[in-house]
Protein chains: 2
Amino acid sequence: MNEAIIEAKKSLKEGGIPIGAVLVENEEIIGRGHNRLLQKDSSILHGEMDCIENAGKLKGEDYKRCILYTTLSPCEMCSGTILLYKIPKVVMGENKTLKGPEDYLKENGVELINLDLKECKDIMKEFIKRNPEIWDAEIDRVI
Amino acid sequence: MNEAIIEAKKSLKEGGIPIGAVLVENEEIIGRGHNRLLQKDSSILHGEMDCIENAGKLKGEDYKRCILYTTLSPCEMCSGTILLYKIPKVVMGENKTLKGPEDYLKENGVELINLDLKECKDIMKEFIKRNPEIWDAEIDRVI
């Protein structure tokens, strides 16, 4: 999770939303990424999506051995991607800032662990406090 | 749907998988795209994802007025993205080649229309027949 938090901080330094993710197979990081909605003027580059894209095109058997670490609960899009590639386990930093369809993931066999980390919540709280218009504009797009 | 099929054919010409999509608001095409998994060595650029990305960052109220036309039933990832942005209506060319989580979309209030078009099925059948190894490798990644 520390590495996912490092990715979140990278995004913050770039002027982006501080959400990060890493993909781990056999205790080795094979992909890492962070939210780039602002940096790339993107609608699809959430932290988890950027991470899975950066991992490259893995075989099905590899995805099935992976754990996705993400600083925030995965949204509908990222959850769908987790299901598409049958990633069996997701460890999240928190789900207080936003909460994705966790029940749907669980119903479909994904193991979810919420570490409920103060550091992950604080980094988002601070970002939202400093950039309320940016955050509100992003939230407006999905509610 | 004709425009989505034009996108699918564009992909085919580029050596890619022939799946295309267009996003329509108030009877006007505001985004278009096609599957670029092969062209961009990507894991996330399905036709619908490419289309939504190319539409740019719309406001929430705009997504809620949109219809997404796609030549093939949306997969878990694309369905999640449809739900994230609350696109209320999806028109698909077919769902025989692959079928996404259509019940989940319907349960979440998305209107689905399947045109079951021979042209959409034939373009995929022909691609798979000509490129069985490519297709099998892509399918292996998600089963």
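Residues numbered from 1 in each chain as written. Chains lettered and ligands numbered in written order. Predicted model: local features only at pLDDT ≥ 70, side-chain atom pairs only at ≥ 80, totals over all residues. Heavy atoms only, no water.

Engineer: Lay out the environment of Leu-84 of chain A in plain terms, naming residues and giving numbers.
Structural biologist: Along the chain, the position of Leu-84 of chain A falls in helix α4 (residues 76–84). Once the C-alpha coordinates of Leu-84 of chain A and Thr-71 of chain A are considered, the two residues, 13 residues apart in sequence, prove to be 20 Å apart. (Helix = DSSP H or I, 4+ residues; strand = E, 2+ residues; numbered from the N terminus.)

Engineer: I'd like a rundown of the packing of helix α2 (residues 47–54) of chain A against α4 of chain A, residues and numbers included.
Structural biologist: For the pair α2 of chain A and α4 of chain A, interaxial distance at closest approach is 8 Å and the crossing angle is 35°. Along its contact with α2 of chain A, which presents Glu-48, Met-49 and Ile-52 of chain A, the element α4 of chain A presents Met-77, Cys-78 and Thr-81 of chain A. (Axes fitted to C-alpha atoms, helices over the stretch in contact; angles between N-to-C directions. Contact = heavy atoms within 4.5 Å.)

Engineer: Describe the UniProt feature "domain: CMP/dCMP-type deaminase" (unreviewed entry) in chain A, listing the residues and the values that go with them.
Structural biologist: According to UniProt, the positions carrying the feature "domain: CMP/dCMP-type deaminase" (unreviewed entry) are residues 1–112 of chain A. The straight-line gap between the two end C-alpha atoms of residues 1–112 of chain A is 14 Å; of that span, 35% is helix and 21% is strand. (UniProt positions renumbered as here; feature names shortened; annotations may be inferred.)

Engineer: So what about the pattern of salt bridges? Which residues, and what values?
Structural biologist: All names here are of chain A. In total, this model carries 26 salt bridges over all chains according to the counting rule given. Among the ionic pairs, Glu-7 bridges to Arg-32, the shortest N-O distance being 2.7 Å. With Glu-7 in helix α1 (residues 2–13) and Arg-32 in strand β2 (residues 28–34), this pair connects stretches of sequence that are 25 residues apart. A salt bridge links Lys-118 to Asp-122; the shortest N-O distance between them is 2.5 Å. Separated by 4 residues within a single helix, Lys-118 and Asp-122 lie in helix α6 (residues 118–130), roughly one turn from each other. (Salt bridge = Lys/Arg side-chain N within 4 Å of Asp/Glu carboxyl O.)

Engineer: Outline the packing of α6 of chain A against helix α7 (residues 132–140) of chain A, listing residues and values.
Structural biologist: Residues and elements named next belong to chain A. The N-to-C vectors of α6 and α7 enclose an angle of 105°; their axes lie 5 Å apart at closest approach. In terms of orientation, α6 and α7 fall into the roughly perpendicular class. From α6, Met-124, Phe-127, Ile-128, Lys-129 and Arg-130 reach across to α7, where they touch Pro-132, Ile-134 and Trp-135. Looking at the contact of α6 with α7 residue by residue, the class counts come to 6 nonpolar, no polar and 2 charged. (Parallel < 35°, antiparallel > 145°, perpendicular 65-115°, else oblique. Nonpolar A, V, L, I, M, F, W, Y, C, P; charged D, E, K, R; others polar.)

Engineer: Could you give me a rundown of the relation of the copies chain A and chain B, with the residues and numbers involved?
Structural biologist: After a rotation of 180° and a shift along the axis of 0.0 Å, chain A superposes on chain B with an RMSD of 0.0 Å. Each copy turns onto its partner about a two-fold axis. Among all residues of chain A, the minimum C-alpha distance to the rotation axis is found for Gly-80 of chain A, at 2.5 Å. Mapped onto chain B, 100% of the interface residues of chain A are again interface residues, and the two copies thus contact each other with one and the same surface. (Least-squares fit on C-alpha atoms with pLDDT ≥ 70 in both.)

Engineer: Before we move on, could you go through the sheet that holds β2 of chain A and cite the residues and values that matter?
Structural biologist: All names here are of chain A. Strands sit in the order β2-β1-β3-β4-β5 across an open sheet of 5 strands; the sheet is mixed. The strands lining the two open edges of the sheet, one partner per strand, are β2 and β5 (111–114). Between one strand axis and the next, the sheet turns through 15° on average, direction left out of account. One ladder, built from 5 bridges, connects strand β1 (residues 20–25) with strand β3 (residues 66–70); its direction is antiparallel. If you follow Val-22 over to β3, its bridge partner there is Tyr-69. Against the sheet, α1 contacts β1, β2 and β3, and its axis sits at roughly 25° relative to β2. (Pairing = 2+ DSSP bridges.)

Engineer: I'd like to hear about the nonpolar core, residue by residue, with values.
Structural biologist: Core analysis: the largest hydrophobic core is formed by 53 residues, its most contacted members being Ile-87 of chain A together with Ile-87 of chain B. Ranked by size, the runner-up nonpolar core spans 10 residues in total, among them Ala-8, Ile-17, Ile-19 and Met-124 of chain B. (Core = buried A, V, L, I, M, F, W, Y, C linked by side-chain atoms within 4.5 Å. Buried < 20%, exposed > 50% of the residue type's maximum accessible area, 1.4 Å probe, protein only.)

Engineer: So, the pairing of β5 of chain A: which residues are in play, and what are the values?
Structural biologist: All names here are of chain A. As paired strands, strand β4 (residues 89–92) and β5 are joined by 4 bridges and run parallel to one another. Residue Val-91 lies in a different strand from β5, and its bridge partner there is Ile-113. Since β4 and β5 lie parallel, the crossover through helix α5 (residues 102–107) that links them has a hand, and here it is right-handed. (Right-handed = clockwise from strand over helix to strand, strands pointing away.)

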